[in-house]
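So the chains spell out like this:
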Amino acid sequence: MAELNGMRGQVFRPLPDVMRADAVASRLTTAIALGLIRQGEQLPVENELSQMFGVASATVRDALATLRDAGIIETRRGRSGGTFVTGTPAASAPVLRSRLIDLSMAELRDLADEQTGVAVATVRLAYERSLPRDIDRLAVLATAIGDARGLESCTRADSKFHIQLAALTQSERLMQAEIRLQSESVEMLWSVLDDPEDRAKAAREHTAIVDALRAENVSEAEARASEHIHRNIYRLIDAKLSLTYPDIEATRA
Amino acid sequence: MKLDNQTRFAAESLAQWFGTVYADLETLAARMGAALAESRRSREFLISADLKAIRDIATEFLAANPTAEGAGVILSPGTIDATHGAIEWWRHNEEGTNSKVLFNLTPDSGSYYDFENLPWFETVARTRHRAITGPYMDYGGMDQYILTLTVPLYIGDDFVGMAGCDIEVRDLEKVMVPMLRRVAGDAALISADNCVILGNSGRFLVGNRVRTVPEDGGIIPLALDDIDLRIVYAEHQDFV
């Protein structure tokens, strides 16, 4: 073990409580941002949350305090009391853009690589396991992005389609992976895509995946899903470069 | 200015940048070779006390080359004893100081780093020239997505290994995208194997192979001794 380099030596340190509280807070924030837990919905009580997340009650309390401070949840006392979702995590376009500037093109490509890996497996298993009625429901979600307006609504419409597609695999792990990938990418994507044509394109690309699944053409579905991700990452890189090097951009025009 | 002229201009800036790094590496190799020769004297093998000077020289190099993630020397098998070599590698760490990178050099153990079979070692050992490797995932080494630049290291006339540095792909972007963005089309720095090292748009993604020369563009080599790097360019194309 002494021969392990510095990075891997770090792996086996015990996780500090702060990190666990952050992890719980970020899991809940993601779920609320993607609309998996809706406005007005009541969260399970502290004891339940602590069991579900496998962390101490104090850790759950810390996490909830973070969300409360951010105005995302509210705790009411009394007979009809409890902790409720009252706000959406602030995903402001400037914050998202600065996140995009911080990411390198290599990291964006890597994000797309993982998305493609998950998407190809997702489409293959959805083909194995989904029924015609599942595809009908997916078809409705596929076009929702076309009618969405604004960052929040686009984020939800887009991620809902992809997470529902992942749900058709009946694999909890794949669905969790998709939720994580969506939380890392979808808000950033719609913070830079603001053309109605982009929404129409996304709707067409979603529909092409659904149509291929309906036709039971799995290799076509894989190709359409990969291409959809490829186009999104192309646009993200484009936006990243324009934001990071605006002065040089001018000479390209 | 036409695309090919803009690309030629970018190729000059990039070649100049790489040329400076290689010149620094050759200075590093010369200083380390001299320090090792002085310390080893007439002994057949190097001992750990001989390697002490490497730290300061590598640290100076890292201070002068902030884009580099790590730097040091690799001593060929047969330099420490009949079969063993060594890696003396230093990296920038979060505190801004340098820390030594430890490699598993015990054969037959799980994460054994068989460096003598890796391209950045093998190429220099075979050609005795400068080499560039990557981009690649350095599993078992830096565990990062990097490029490795290496130059031969001599003690007197004996080839004993190499000096080199690692550059993280994400750090290279900051230096090179401004140069490549001055090409008003799609352009990318590619390796001798036609793999993209860095592009100026989403068209050429790092790591992907460029399989054909674009019809509306071309390829311009970087003027560098022994190093085969080129820029591929074409008219800008939106994702269709």
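Residues numbered from 1 in each chain as written. Chains lettered and ligands numbered in written order. Predicted model: local features only at pLDDT ≥ 70, side-chain atom pairs only at ≥ 80, totals over all residues.

Undergrad: It is not clear to me how the overall build of chain B should be interpreted in this structure. Could you clarify?
TA: What chain B contains, in helices and strands, is 4 helices and 10 strands. Listed N to C, the secondary structure of chain B is α-α-β-β-β-α-β-β-β-α-β-β-β-β in terms of helices and strands. The C-alpha radius of gyration computed for chain B amounts to 19 Å, which stays within 12% of the reference 18 Å derived for 240 residues, consistent with globular compactness. In terms of overall dimensions, chain B has a C-alpha envelope of 60 × 35 × 35 Å along the principal axes. For chain B, restricting intrachain contacts to residue pairs at least 6 apart in sequence, the fraction spanning at least 24 positions comes to 53%. (Helix = DSSP H or I, 4+ residues; strand = E, 2+ residues; numbered from the N terminus. Rg over C-alpha atoms; globule rule 2.2 N^0.38 Å. Contact = placed C-beta atoms within 7 Å.)

Undergrad: Looking at this model, I keep getting lost on the domain arrangement of chain A. Mind explaining?
TA: One widely used convention gives an interface's size as the accessible area the parts lose upon coming together. Residues and elements named next belong to chain A. The domain boundaries assigned to chain A delineate domain 1 (6–85) and domain 2 (93–252). The partner domain 2 presents 7 residues to the 4 residues of domain 1 that form the contact. A class-by-class count of the residues in the side of domain 1 that touches domain 2 yields 2 nonpolar, 2 polar and no charged. (Domains from an automatic or database assignment. Nonpolar A, V, L, I, M, F, W, Y, C, P; charged D, E, K, R; others polar.)

Undergrad: Even after reading the chapter, I still don't get the pairing of strand 2 (residues 86–92) of chain B, so can you show me in this structure?
TA: Each regular strand displays side chains that alternate between the two surfaces of the sheet. Residues and elements named next belong to chain B. Most of strand 2 is tucked away: 6 of the 7 residues are buried. Relative to strand 2, strand 1 (residues 68–75) runs antiparallel, the two sharing 6 bridges. Considered in strand 2, the bridge of L75 is made with A86. (Buried ≥ 20, exposed ≤ 12 C-beta atoms within 10 Å, placed from the backbone. Pairing = 2+ DSSP bridges.)

Undergrad: Honestly, unusual backbone geometry in this entry has me stumped. Any pointers?
TA: Trans is the prevailing form of peptide bonds, just as negative phi is the prevailing case for residues other than glycine. Note that the residue after G134(B), namely P135(B), is joined by a cis bond; omega there is 5°. Here P135(B) lies in strand 4 (residues 131–137). Located in the positive-phi region is E216(A), a residue other than glycine, with phi close to 55°. Locating E216(A) in the fold gives a position in the loop between helix 10 (196–214) and helix 11 (218–244). By the C-beta count within 10 Å, which is 10 here, E216(A) ends up exposed. The phi angle at D226(B) is positive, at roughly 65°, despite the residue not being glycine. Relative to the helices and strands, D226(B) resides in the loop between strand 9 (217–221) and strand 10 (230–234). Its 14 C-beta neighbours within 10 Å are what place D226(B) among the partly exposed residues.

Undergrad: Teacher, can you tell me more about the sheet that holds strand 5 (residues 145–155) of chain B here?
TA: Strand-to-strand pairing in sheets goes through backbone hydrogen bonds, with the strands running parallel or antiparallel. Residue and element names in this part refer to chain B. Strand order in the open sheet formed by 6 strands is 3-2-1-6-5-4, and the pairing between neighbours is antiparallel. Every interior strand has two partners, whereas the edge strands, strand 3 (98–101) and strand 4, have only one. On average, each strand axis in the sheet is inclined to that of its neighbour by 25°, with strand direction left out of account. Where strand 5 and strand 6 (residues 158–168) come together, 10 bridges link them in antiparallel fashion. By the bridge assignment for strand 6, L149 is matched with C165. Helix 2 (residues 52–64) contacts strand 1, strand 2 and strand 3 of the sheet and is inclined by roughly 150° relative to strand 1. (Axes fitted to C-alpha atoms, helices over the stretch in contact; angles between N-to-C directions.)

Undergrad: In this structure, what is going on with the interface of chain B and chain A? I would like to understand it.
TA: Contact with chain B, which involves 21 residues of that partner, is made by 20 residues of chain A. For the side of chain B that touches chain A, the secondary-structure elements that each account for two or more residues are strand 3 and helix 4 (169–180) of chain B. The greatest single-element share of the side of chain B that touches chain A, amounting to 5 residues, is contributed by helix 4 of chain B. Taken together, the residues that form the side of chain B that touches chain A break down as 11 nonpolar, 5 polar and 5 charged.

Undergrad: When you look at the packing of helix 2 (residues 17–33) of chain A against helix 4 (residues 57–69) of chain A in this model, what are you seeing that I'm missing?
TA: Residues and elements named next belong to chain A. The interhelical angle for the contact between helix 2 and helix 4, taken along N-to-C directions, is 50°, at an axis separation of 8 Å. Judged by the inter-axis angle, helix 2 sits oblique to helix 4. In this structure, helix 2 crosses over helix 4, and the sense of that crossing is right-handed. Of helix 4, the residues touching helix 2 (which contributes D17, R20, A21, V24, A25, L28 and T29) are T59, V60, D62, A63, T66 and L67. Looking at side-chain class alone, the contact of helix 2 with helix 4 contains 7 nonpolar, 3 polar and 3 charged residues. (Parallel < 35°, antiparallel > 145°, perpendicular 65-115°, else oblique. Left-handed = near helix turned anticlockwise from the far one by under 90°.)

Undergrad: In this structure, what is going on with the domain arrangement of chain B? I would like to understand it.
TA: All names here are of chain B. With domains assigned, chain B is organised as domain 1 (14–169) and domain 2 (171–234). Between the C-alpha centres of domain 1 and domain 2 the distance comes to 27 Å. Counting residues per element, the ones that place at least two in the side of domain 1 that touches domain 2 are helix 1 (3–40), strand 4 and strand 6. For the side of domain 1 that touches domain 2, the leading source of residues is helix 1, giving 5 residues. Looking at side-chain class alone, the side of domain 1 that touches domain 2 contains 9 nonpolar, 3 polar and 3 charged residues.

Undergrad: Help me out: how do you make sense of the sheet that holds strand 9 of chain B in this one?
TA: Residue and element names in this part refer to chain B. One open sheet holds the 4 strands; their spatial order is 8-7-10-9, and the pairing between them is antiparallel. Strands with a single pairing partner mark the edges of an open sheet, and in this sheet they are strand 8 (196–199) and strand 9. Mean inter-strand twist for the sheet, computed between neighbouring axes without regard to direction, equals 20°. The pairing of strand 7 (residues 186–190) with strand 10 spans 5 bridges and is antiparallel. Bridge assignment links I190 to a residue of strand 10, and that residue is R230. Helix 4 contacts strand 7 and strand 8 of the sheet and is inclined by roughly 60° relative to strand 8.

Undergrad: Any chance you could explain the environment of V120(A) here in plain terms?
TA: All names here are of chain A. For V120, the position within the fold is in helix 6 (residues 105–129). Judged by C-beta crowding, with 17 C-beta atoms within 10 Å, V120 ranks as partly exposed. In this structure the C-alpha to C-alpha distance between V120 and R224, which are 104 residues apart in sequence, comes to 9.7 Å. If sequence neighbours within four positions are ignored, V120 has contacts with E222, A225 and S226.

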